[in-house]
Amino acid sequence: MIEAVAIDVVMRALADPTRRAVFERVASAEEITVVELTRGSGVTQGAISQHLKSLKQAGLVAERAQGRNVYYHARPEGLAPLVDWMSHYGVFWRERFANLRNLLKEIDP
Amino acid sequence: MKDAKPDTHAIVVDEVMPHAPETIWKTLTTGALITRWMMPPKDFAPVPGNRFTYQTTPAGAWDGVIRCQVLEVIPNERFSYSWKGGDAGNSGYGSLLDTIVTWTLSRVADGTRVRLVHSGFVTPRNDTAFKNMSEGWKKIVPRLGTVTDEQD
């Protein structure tokens, strides 16, 4: 089941540019380890681990342990709190425009 | 935390309707007519500063009330109001919402161009992952309704 996370937690997690970059790298890989994420990132492994922790708390990434390695993958549903209103109103206004058009036809044929 | 401002996004619907701006203006600013194409507004008056509400579907701690305040009224041209609701305890539908709705009418040869801009939606900044994941949404969004219900 999906764990519901408040929008401000997700926002805070993505407000930091480095953390956002980490998230984007996790999202573009199928699965990725801390070591792979650290390589070429210009920050320490400890810093990457901290960012992953925040992303995990925000519901944006999840981990899977296998042997000595921990693999991280993105949880696309973690972004849901940020866009769901938009998809809701995208549909809402298109429907209302159709209603408006019909009403106008009726009152101003 | 850095006070990096998140990007906001807008929904835009832009259509030409074969009617005069004055006629369309009436449908946007008369309570009885708004009721017929949108929803019944409560305490509505097309006067700057006026506060009115819409009752929509509740979610979690949010009663479903959309609170609006009229911001700008330029007869037959422009009408805008704030559109707020939600609760910080919700995610997705029912989460905090602080947006603005703006209607702009302009006369064109075959009627009126009606432009709606609903702005102020918060989404991640320049997030390529966000774009890449649009496919995921189609599967996720229907499930969100269930999550919201379970929060009660």
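Quick note: structure is the one above.
About the criteria used
Residues numbered from 1 in each chain as written. Chains lettered and ligands numbered in written order. Predicted model: local features only at pLDDT ≥ 70, side-chain atom pairs only at ≥ 80, totals over all residues. Helix = DSSP H or I, 4+ residues; strand = E, 2+ residues; numbered from the N terminus. Buried ≥ 20, exposed ≤ 12 C-beta atoms within 10 Å, placed from the backbone. Contact = placed C-beta atoms within 7 Å. Expected span 1.5 Å × (residues − 1). Arc of directions from axis to C-beta. Pairing = 2+ DSSP bridges. Core = buried A, V, L, I, M, F, W, Y, C linked by C-beta atoms within 7 Å. Axes fitted to C-alpha atoms, helices over the stretch in contact; angles between N-to-C directions. Parallel < 35°, antiparallel > 145°, perpendicular 65-115°, else oblique. Nonpolar A, V, L, I, M, F, W, Y, C, P; charged D, E, K, R; others polar.

Draft legend 1. Structural detail: the overall build of chain A. In terms of regular secondary structure, chain A is built from five helices and two strands. Helices (α) and strands (β) of chain A occur, in sequence order from the N terminus, as α-α-α-α-β-β-α. Looking at chain A residue by residue over its 109 residues, the buried ones come to 32%. A fraction of 56% describes how many contacts in chain A between residues 6 or more apart in sequence connect residues 24 or more apart.

Draft legend 2. Representation of the overall build of chain B in the model. Broken down by element type, chain B carries four helices and six strands. The helix and strand sequence of chain B, counted from the amino end, reads β-α-α-β-β-β-β-β-α-α. Burial statistics for chain B: of 152 residues in total, 26% are counted as buried. Long-range pairs, those at least 24 residues apart, make up 47% of the contacts in chain B between residues at least 6 apart in sequence.

Draft legend 3. Layout of helix H2 (residues 17–28) of chain A. Residues and elements named next belong to chain A. Helix length check: H2 (12 residues) gives 16 Å between terminal C-alpha atoms against 16 Å at 1.5 Å per residue, within 8%. Along H2, the residues classified as buried are Arg-19, Arg-20, Val-22, Phe-23, Val-26 and Ala-27. Each buried residue of H2 sits inside an arc of 155° when the element is viewed along its axis, so together they form one side. In H2, the exposed residues that point more than 90 degrees away from the buried face are Pro-17 and Ser-28.

Draft legend 4. Representation of the pairing of strand S3 (residues 65–74) of chain B. All names here are of chain B. Bridge count between strand S2 (residues 51–55) and S3: five bridges; the pairing is antiparallel. Looking at the pairing, Gln-55 lines up with Val-65 of S3. Inspection of the sheet shows S3 paired to strand S4 (residues 78–85) by seven bridges, in the antiparallel sense. Note on S4: the bridge partner recorded for Glu-72 is Ser-80. In this antiparallel pair of consecutive strands, S3 and S4, the connection spans three residues, and Asn-76 shows a positive phi of 65°.

Draft legend 5. Layout of the nonpolar core. One finds Val22(A), Phe23(A), Val26(A), Leu55(A), Leu60(A) and Val61(A) to be the most contacted residues of the largest nonpolar core, which totals 16 residues. Broken down by secondary-structure element, the contributors of at least two residues to this core are helix H1 (7–15), H2, helix H4 (45–57) and strand S2 (69–74) of chain A. By residue number, the principal contributor to this core is H2(A), which donates four residues. Of all hydrophobic cores here, the second largest spans eight residues; its members include Leu100(A), Leu104(A), Ile24(B) and Leu105(B).

Draft legend 6. H4(A), seen in detail. Residue and element names in this part refer to chain A. Under the 1.5 Å per step criterion, the end-to-end length of H4 is 18 Å for 13 residues, consistent within 8% with the ideal 18 Å. Among the residues of H4, those classed as buried are Ile-48, His-51, Leu-52 and Leu-55. Looking straight down H4, one finds its buried side chains confined to an arc of 100°; they lie on one side. Among the exposed residues of H4, those pointing more than 90 degrees away from its buried face are Gly-46 and Lys-53. Taken from the residues just after H4, Gly-59 is the one with a positive phi, measuring 80°.

Draft legend 7. Molecular detail of the packing of H2(A) against H4(A). All names here are of chain A. Put simply, H2 and H4 touch, their axes get as near as 10 Å, and they point 80° apart. Put simply, H2 runs roughly perpendicular to H4. Residues Thr-18, Arg-19, Val-22 and Phe-23 of H2 form the contact with H4, whose participating residues are Ile-48, His-51, Leu-52, Ser-54 and Leu-55. Of the residues belonging to the contact of H2 with H4, the class tally is five nonpolar, three polar and one charged.

Draft legend 8. Layout of unusual backbone geometry. Residues and elements named next belong to chain B. Here the phi dihedral of Asp-43 falls at roughly 60°; this positive angle occurs in a residue that is not glycine. With respect to the element layout, Asp-43 can be found in the loop between helix H2 (31–37) and S2. Using a count of 10 C-beta atoms within 10 Å as the deciding quantity, one classes Asp-43 as exposed. A positive phi is found at Asn-76, a non-glycine position, where the angle reads about 65°. Among the structural elements, Asn-76 can be located in the loop between S3 and S4. You can call Asn-76 partly exposed: it has 18 C-beta atoms within 10 Å.

Draft legend 9. How the structure looks around the environment of Val47(B). All names here are of chain B. When you line up the elements, Val-47 lands in the loop between H2 and S2. Along the backbone, Val-47 and Phe-79 are 32 residues apart, and their C-alpha atoms lie at a distance of 9.8 Å. Sequence-distant contacts of Val-47, that is, excluding residues within four places in its chain, are made with Val-70 and Val-73.

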